[in-house]
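One-letter residues, chain by chain:
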Amino acid sequence: MKTIAIDIQHALYFAGKERYEALEPAAVKAISNLNNCEGAGNDFHGWVKLPSEIAQAEIDDINATAEKLAAQTDYVVCIGIGGSYLGAKAVIEALSDSFAAYAPKGKHPKVLFAGQNIGEDYLAELQKFLADKKFGIIVISKSGTTTEPALAFRLLKAQLEQQAGKEPAKDLIVAITDAKKGALRTLATSEGYKTFVIPDNVGGRFSVLTPVGLLPIAVAGFQIDKLIAGAKAMQETTLHATPSNPAMVYAMMRNALYQAGKKIEILVNYHPKLHYFAEWWKQLYGESEGKEGKGIFPAAVDLTTDLHSMGQWMQEGERTIFETVISVEESNFELRIPGDKDNLDAMNYLTGKRVDEVNKMAELGTRIAHVEGGVPVIKITIPQMDEHTLGELIYFFEKACGISGYILGVNPFDQPGVEAYKKNMFALLGKPGHEEATKAIQSKI
Ligand code: PA5
């Protein structure tokens with residue numbers, strides 16, 4: 001079976017082989033830490049062995065719950081934010097037909113998302129849309145206290161109870177949260193919702209291979225056993241500190257580039273369905289590494305679309321960027337360009353070629369241009385877009401993130417900076433218990 005391949009030859013030149021190789025001892029130590037549950041943040045190392053340790057009974061329970069929701073609903077609203085949202089969104093978008101949202105409901109409910117923003121119009125329009133629909137809710141919050149999902153859940157729970165009846169609504173709500181603590185756990189227990197547990201030792205952004213990601217993905221009709229099998233294969237591939245470990249290579253390369261002054265990494269795709277995968281990746285790396293005044297800034301573009309907006313900057317702007325390209329080897333469909341007898345658009349030279357061949361030449365041409373323009377390029381090739389490959393890609397980026405954070409010298413598993421805005425928001429809204437902060441913040445306005 002084909003797997004992920006990494007090519008660093010167009011990046012190594014910029015960072016220098018010596019700088020790259022000098023990072024090897026730190027990478028070896030990082031892999032050992034992750035494998036042996038040692039090092040900073042080791043109480044959040046649970047994701048490392050998730051693919052090999054997830055119980056079949058849990059997978060069966062997730063699939064059975066998804067089927068039950070599918071039998072009763074046309075839409076399932078998945079409520080969560082950050083790590084409790086992005087993994088499921090990324091995988092569902094990557095695997096779904098691009099126009100699924102506009103198609104009539106098939107065998108599986110359509111998965112909608114809420115609680116990932118505080119948009120009044122978004123929530124009002126969602127409520128309007130659901131007003132005459134059969135829907136269910138998956139509410140996800142590890143802490144069980146996050147404002148955005150709690151707010152969306154309060155609105156949608158009330159709507160569901162009103163539309164389906166208070167008792168039947170209980171059967172249409174699944175909560176995914178901490179085993180014991182948090183307001184969502186208290187609520188789920190008191191209402192008698194079906195629940196799944198987010199393990200204590202798995203942080204939000206590393207939780208896509210727990211029920212957090214797996215249940216919404218299963219509800220959308222995708223095969224979570226294949227996703228896990230892919231992740232498990234990559235768990236084995238990235239286990240040892242060897243030159244063929246792609247996660248180690250990626251982590252070393254991006255740190256070497258960072259040390260060489262390349263402070264911004266742009267994740268590039270040439271496959272529009274990977275847009276939200278990049279959003280997931282941005283959170284994974286941004287929250288894991290951006291601390292203590294350090295960290296590569298993770299950005300992303302969809303090409304060739306964004307070559308017509310960001311292309312100028314990437315080609316000729318400040319040379320502090322590097323690119324990591326995700327290249328999909330095989331499309332799922334084959335589409336050939338038709339000839340035209342008048343050839344008024346002068347496109348006949350492409351007659352009979354596949355659309356993907358044009359895309360691949362755009363990718364190659366862009367890489368050559370960007371490298372010549374001073375942009376290092378790391379290339380990650382994936383064989384195709386399916387559950388197995390996405391499972392591999394998820395685990396690859398997770399493992400590389402852990403290694404990379406340790407090479408950088410930070411704890412990749414905490415996120416102390418996320419609290420700052422919350423404290424201010426609570427103070428401004430007058431949340432009980434924040435009286436002193438309210439006084440202090442009002443003096444700043
Ligand atoms: O990675 C993280 O820990 C965060 O992004 C969280 O996932 C996010 O803040 C949501 O938190 P919770 O699941 O506790 O509602």
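Given the structure is predicted, the values throughout are model-derived calculations rather than measurements.

S.K.: Describe the side chain of R185, with residues and values.
M.R.: With respect to the helices and strands, the residue R185 is situated in helix α10 (residues 183-191). One buried charged residue, R185, forms no salt bridge at all, with the nearest opposite charge on D178 at 6.0 Å. At 3.4 Å, the side chain of R185 forms a polar contact with the side chain of T195.

S.K.: Go over the sheet that holds strand β10 (residues 377-382) with me, naming the residues and quoting the values.
M.R.: Within a sheet, adjacent strands bond to each other through the backbone by hydrogen bonds, running parallel or antiparallel. If you walk across this open sheet you meet the five strands as β1-β10-β9-β7-β8, and the pairing is mixed. Pairing within the sheet leaves two strands with one partner each, and these edge strands are β1 (5-7) and β8 (297-302). Across this sheet, the average inter-strand angle for adjacent strands is 20 degrees, counted without regard to direction. Sheet topology note: the β1/β10 ladder contains three bridges and is antiparallel. If you follow D7 over to β10, its bridge partner there is K379. Each of β1, β7 (264-269), β9 (321-328) and β10 touches helix α13 (residues 246-259); the most contacted strand, β10, lies at about 160 degrees to it. Against the sheet, helix α14 (residues 275-289) makes contact with β7, β8 and β9, and its axis sits at roughly 175 degrees relative to β8, the strand it touches most.

S.K.: Outline empty space enclosed by the protein, listing residues and values.
M.R.: Per the stated rule, a full pass over the model turns up one cavity of 30 Å³ or more. Of the pockets and cavities examined, the largest cavity occupies roughly 30 Å³. Taken together, G82, G83, L86, G87, G204, R205, S207, V208, W280 and Q283 make up the full set of residues lining the largest cavity. If you list the elements that add at least two residues to the lining of the largest cavity, you get α6 (86-95) and α14. Residue composition of the lining of the largest cavity, grouped by class: three nonpolar, six polar and one charged.

S.K.: Lay out unusual backbone geometry in plain terms, naming residues and giving numbers.
M.R.: Cis geometry is found at the peptide bond from L303 to T304, where omega equals 10 degrees. The topology assignment puts T304 in the loop between β8 and α15 (311-316). The phi dihedral of E292 falls on the positive side, at around 55 degrees, and the residue is not glycine. Here E292 lies in the loop between α14 and β8.

S.K.: Talk me through helix α11 (residues 211-219); I want residue IDs and the actual numbers.
M.R.: Of all nine residues making up α11, nine are buried, and the element is well covered by its neighbours. If you check which residues of α11 are buried, you get P211, V212, G213, L214, L215, P216, I217, A218 and V219. Note on α11: the residue one or two positions beyond its end, G221, has a positive phi of about 100 degrees.

S.K.: Could you give an account of the site of the ligand, naming the residues involved and the relevant values?
M.R.: Within the structure, the ligand sits among 13 residues, and S84, S141, S143, T146 and Q283 are positioned closest to it. S84 is positioned such that a nitrogen or oxygen atom in its side chain is 2.6 Å from an oxygen atom of the ligand. Take S141: an N or O atom from its side chain is 2.6 Å from an oxygen atom of the ligand. When the ligand is considered free in solution it has 380 Å² of accessible area, and contact with the protein chains removes 88% of it. Classifying every residue of the shell around the ligand gives one nonpolar, nine polar and three charged.

S.K.: If you had to explain the nonpolar core to someone new, which residues and values would you point to?
M.R.: Judged by nonpolar contacts, the single largest core of 93 residues is most densely connected at F277, W280 and F397. A per-element tally of this core places helix α17 (residues 387-408) first, with 12 residues. Leaving out residues up to four positions away in the same chain, F277 has contacts with A90, I326, L390, L393, I394 and F397. Core analysis: the second largest hydrophobic core is formed by 21 residues, Y75, F135, V139 and I173 among them.

What counts and what doesn't
- Once a new chain begins, its residue numbering starts again from 1 and follows that chain's sequence as written.
- Reporting of local features is limited, given that this is a predicted model, to residues whose pLDDT is at least 70; pairs of side-chain atoms are given and counted only at 80 or more, and all residues count toward the totals for whole chains, interfaces and linings.
- The basis for every side-chain value is the complete set of heavy atoms in the structure, and neither hydrogens nor water enter the calculation.
- Each helix corresponds to a stretch of at least 4 residues labelled H or I by DSSP, and each strand to a stretch of at least 2 residues labelled E; elements are numbered beginning at the N terminus.
- Using a 1.4 Å probe on the protein chains alone, a residue whose accessible area is under 20% of its type maximum counts as buried, one over 50% counts as exposed, and one in between counts as partly exposed.
- Think of it this way: Lys and Arg go in the positive column, Asp and Glu in the negative one, and His and the chain ends go nowhere.
- Any Lys or Arg side-chain nitrogen located within 4 Å of an Asp or Glu carboxyl oxygen qualifies as a salt bridge.
- The term polar contact refers here to a pair of N or O atoms within 3.5 Å; inside protein, the definition further demands a hydrogen-donor-capable atom paired with an acceptor-capable atom, and it admits residues adjacent in sequence only when both atoms are side-chain atoms.
- Here a strand pair is declared whenever DSSP counts at least two bridges between the two strands.
- All axes are obtained by fitting lines to C-alpha atoms, using only the stretch in contact for helices, and the reported angles, taken between N-to-C directions, cover 0 to 180 degrees.
- For this analysis, residues touch if any pair of their heavy atoms sits within 4.5 Å.
- Buriedness of a pocket was judged along seven lines, with at least five required to meet protein on both sides within 12 Å; pockets are open sets of points on a 1 Å grid over the protein atoms alone, cavities are sets where a 1.4 Å probe fits but cannot get out, and lining residues have an atom within 4 Å of a point.
- Grid points are joined across faces, edges and corners, and a volume is the space filled by probe spheres set on the points.
- Residues are sorted three ways: Asp, Glu, Lys and Arg are charged, Ala, Val, Leu, Ile, Met, Phe, Trp, Tyr, Cys and Pro are nonpolar, and all the rest, Gly among them, are polar.
- Throughout, near means a residue has at least one heavy atom within 4 Å of the molecule or strand.
- Working definition of accessibility: Shrake-Rupley area with a 1.4 Å probe, residue cover restricted to the visible protein chains.
- Definition of nonpolar core: a set of buried residues of the types Ala, Val, Leu, Ile, Met, Phe, Trp, Tyr and Cys, connected through side-chain atoms within 4.5 Å.

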